[in-house]
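Summary of structural features
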Amino acid sequence: MRINTNGQAGLIYQKNIVSDLKDLVDIICISLNAHSASSYLKICRPVYGEKAYQAVLDFARSCVGQIPRVILSVVDWPGVDVEKCREIARKLGAEFRLRKFSGN
């Protein structure tokens, strides 16, 4: 089973849910979407504001070692430093995926 997520479950549920997913999920794809908290805030406009980006990183960190495949992804978008995002994924021990923008 694969889950695609924005990685903000810790904020939404006010707890770490990774242990609940551990034996049920084979792949988790987390939308990193930016190379910094300020870029994430500008691009994603998250409900949780400035806390959201760190929550995404914390969620990804807790998935590594618990979920067999953890993938961080970003959309190829102006202002997103793809190489910095790739490095973040590497440092967290996750795979990296670059997604193409498919809108107008």
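Refer to the structure printed above.
Residues numbered from 1 in each chain as written. Predicted model: local features only at pLDDT ≥ 70, side-chain atom pairs only at ≥ 80, totals over all residues. Heavy atoms only, no water.

Before going further, it helps to examine unusual backbone geometry. Although it is not a glycine, Gln 14 sits at a positive phi angle of roughly 60 degrees. Tracing the chain through its elements places Gln 14 in the loop between helix H1 (9-13) and helix H2 (18-21). The backbone of Asn 33 shows a phi angle near 65 degrees, a positive value even though the residue is not glycine. On the secondary structure map, Asn 33 appears in the loop between strand E2 (27-31) and helix H3 (37-44). The buried category is assigned to Asn 33, whose relative accessible area is 17%. (Helix = DSSP H or I, 4+ residues; strand = E, 2+ residues; numbered from the N terminus. Buried < 20%, exposed > 50% of the residue type's maximum accessible area, 1.4 Å probe, protein only.)

Tracing the backbone through its elements, the reader meets Ile 43 in helix H3. Judged by relative accessible area, which is 32%, Ile 43 ranks as partly exposed. Ile 43 sits 24 residues away from Ser 19 along the chain, and the two C-alpha atoms are 30 Å apart.

In this section: helix H4 (residues 51-63). Here H4 contains 13 residues, and its C-alpha end-to-end distance of 18 Å stays within 8% of the 18 Å for a straight helix at 1.5 Å per residue. Within the span of H4, buried status applies to Ala 52, Tyr 53, Ala 55, Val 56, Leu 57, Phe 59, Ala 60 and Cys 63. Gly 65 occupies a position one or two residues after H4 and carries a positive phi of about 90 degrees. (Expected span 1.5 Å × (residues − 1).)

Glancing now at a nonpolar patch on the surface. Residues Ile 43, Trp 77 and Phe 101 make up a contiguous nonpolar surface patch of roughly 270 Å² in combined accessible area. Within the secondary structure layout, Phe 101 lies in the segment after strand E4 (95-99). The class of Phe 101 is partly exposed, set by a relative accessible area of 41%. (Patch = residues over 30% accessible without salt bridge, like charges linked within 9 Å, V, L, I, M, F, W, Y side chains within 5 Å. Areas by Shrake-Rupley, 256 points an atom, 1.4 Å probe, with all protein chains shown as cover. Salt bridge = Lys/Arg side-chain N within 4 Å of Asp/Glu carboxyl O.)

The next subject is the nonpolar core. Core analysis: the biggest nonpolar cluster contains 31 residues, and Ile 28, Ile 30, Leu 32, Phe 59, Cys 63 and Leu 72 have the highest contact counts within it. Broken down by secondary-structure element, the contributors of at least two residues to this core are H1, H2, E2, H4, strand E3 (69-75) and helix H5 (82-92). The element contributing the most residues to this core is H4, with 8 residues. With sequence-adjacent residues up to four places away left out, Leu 72 is seen in contact with Ile 30, Leu 32, Ala 60, Ile 88, Ala 89, Leu 92, Ala 94, Glu 95, Phe 96 and Arg 97. (Core = buried A, V, L, I, M, F, W, Y, C linked by side-chain atoms within 4.5 Å. Contact = heavy atoms within 4.5 Å.)

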